[in-house]
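# Fold and contact review
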Amino acid sequence: MPAKVESFHDDRRIVLTAAIPGRGLALITYNGWDRAQPQVHRSLNAEAGDSTVLFAYRKRTTKNPAMELMITAMLHRTGNTEWMAGELDPVKNIQLFDIMPSGSVTGAEITLADGTNHLVDFKDIDGEKRC
């Protein structure tokens, strides 16, 4: 049985959902992506003959483009319930930074719908954590 796929977008995000009996998946793109779409694969899944993959896509057309954060949320659920509108918008606010307070380039402060804040800072991405 193929997955039931639905999509919609507004000025802040692109939303894709896919559902099969007992499972649901939602891909929500917020920043940096050109589009999101589903693709059906045949004979590549151990559990089913056909499987649906949700993915986001960004085409880069210039050499050495400026850095841009690509922000996506992926939600998964078991069971057969439909997604509620509020569940499909888990990010309340995104504040992008060219330079983070730590001095690293590019980052964000992300506020979730439940009010929690997360700082995305790549200062230790080189693997040399400094205390």
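One can find the structure itself at the top, above this paragraph.
Residues numbered from 1 in each chain as written. Predicted model: local features only at pLDDT ≥ 70, side-chain atom pairs only at ≥ 80, totals over all residues. Heavy atoms only, no water.

## Describing the pattern of salt bridges
- Throughout the structure, instances matching the rule amount to eight salt bridges.
- Salt-bridge contacts for E6 lead to K4; the nearest nitrogen and oxygen are separated by 3.4 Å.
- Using a relative accessible area of 40% as the deciding quantity, one classes E6 as partly exposed.
- Since its relative accessible area comes to 45%, K4 is described here as partly exposed.
- The partner of R13 in a salt bridge is D10, and the shortest N-O contact between them spans 3.1 Å.
- The exposure class of R13 is buried, given its relative accessible area of 10%.
- By sharing partners, the salt bridges in this structure join D10, R12, R13 and D89 into a single network. (Salt bridge = Lys/Arg side-chain N within 4 Å of Asp/Glu carboxyl O. Buried < 20%, exposed > 50% of the residue type's maximum accessible area, 1.4 Å probe, protein only.)

## A look at the nonpolar core
- Among the nonpolar cores identified, the biggest contains 12 residues, and these are V15, A26, I28, Y30, L69, I71, A73, W83, L88, V91, A108 and I110.
- Secondary-structure elements contributing two or more residues to this core are β3 (23–31), β6 (71–78) and β8 (105–112).
- Ignoring any residue separated from it by four or fewer positions in sequence, one finds A108 in contact with L69, I94, Q95, L96, F97, M100, H118, L119 and V120.
- Counting residues in each nonpolar core, the second largest holds six residues, with A3, A18, L27 and A36 among its members. (Core = buried A, V, L, I, M, F, W, Y, C linked by side-chain atoms within 4.5 Å. Helix = DSSP H or I, 4+ residues; strand = E, 2+ residues; numbered from the N terminus. Contact = heavy atoms within 4.5 Å.)

## Topic: a nonpolar patch on the surface
- Taken together, the side chains of M67, I99 and V105 present a nonpolar region at the surface, about 310 Å² in accessible area.
- With respect to the helices and strands, the residue V105 is situated in strand β8.
- Looking at V105, the relative accessible area reads 43%, which means it is partly exposed. (Patch = residues over 30% accessible without salt bridge, like charges linked within 9 Å, V, L, I, M, F, W, Y side chains within 5 Å. Areas by Shrake-Rupley, 256 points an atom, 1.4 Å probe, with all protein chains shown as cover.)

## Re the sheet that holds strand β7 (residues 91–99)
- The strand order across the open sheet formed by three strands is β7-β8-β9, and the pairing between neighbours is antiparallel. Edge strands, defined here as strands with exactly one partner in the open sheet, are β7 and β9 (117–121). Averaged over all adjacent pairs, the angle separating strand axes in this sheet is 15°, with direction ignored.
- Relative to β8, β7 runs antiparallel, the two being bridged by seven bridges. When the bridges of β8 are listed, Q95 appears paired with E109. (Pairing = 2+ DSSP bridges. Axes fitted to C-alpha atoms, helices over the stretch in contact; angles between N-to-C directions.)

## Here's the deal with the packing of aromatic side chains
- Inspection of the entire model under this criterion finds zero aromatic pairs.
- Over the ring of W83 we find R77; its NZ or CZ atom is 4.1 Å from the centre of that ring. (Phe/Tyr/Trp six-rings, centres within 6.5 Å; stacked < 30°, edge-to-face > 60°. Lys NZ or Arg CZ within 6 Å of the ring centre and 35° of its normal.)

## A few points about the environment of D121
- Inspection of the secondary structure puts D121 in strand β9.
- Expressed as a C-alpha distance, the spacing of D121 and T106, which sit 15 residues apart in the sequence, is 7.5 Å.
- Not counting the four nearest positions on each side in its chain, D121 is found in contact with M100, S102 and S104.
- At 2.5 Å, the side chain of D121 forms a polar contact with the side chain of S104. (Polar contact = N/O pair within 3.5 Å; in protein donor to acceptor, adjacent residues only side chain to side chain.)

## A word on the sheet that holds strand β2 (residues 14–20)
- On the basis of which strands lie adjacent, the open sheet formed by four strands has the order β1-β2-β3-β6 and antiparallel pairing. Either end of the sheet is taken by a strand with one partner, and the two such strands are β1 (4–9) and β6. Averaged over neighbouring strand pairs, the angle between their axes works out to 10° when direction is ignored.
- Relative to β2, β1 runs antiparallel, the two being bridged by six bridges. If you follow S7 over to β2, its bridge partner there is L16.

Note that all results are geometric; they support no functional claim without further evidence.
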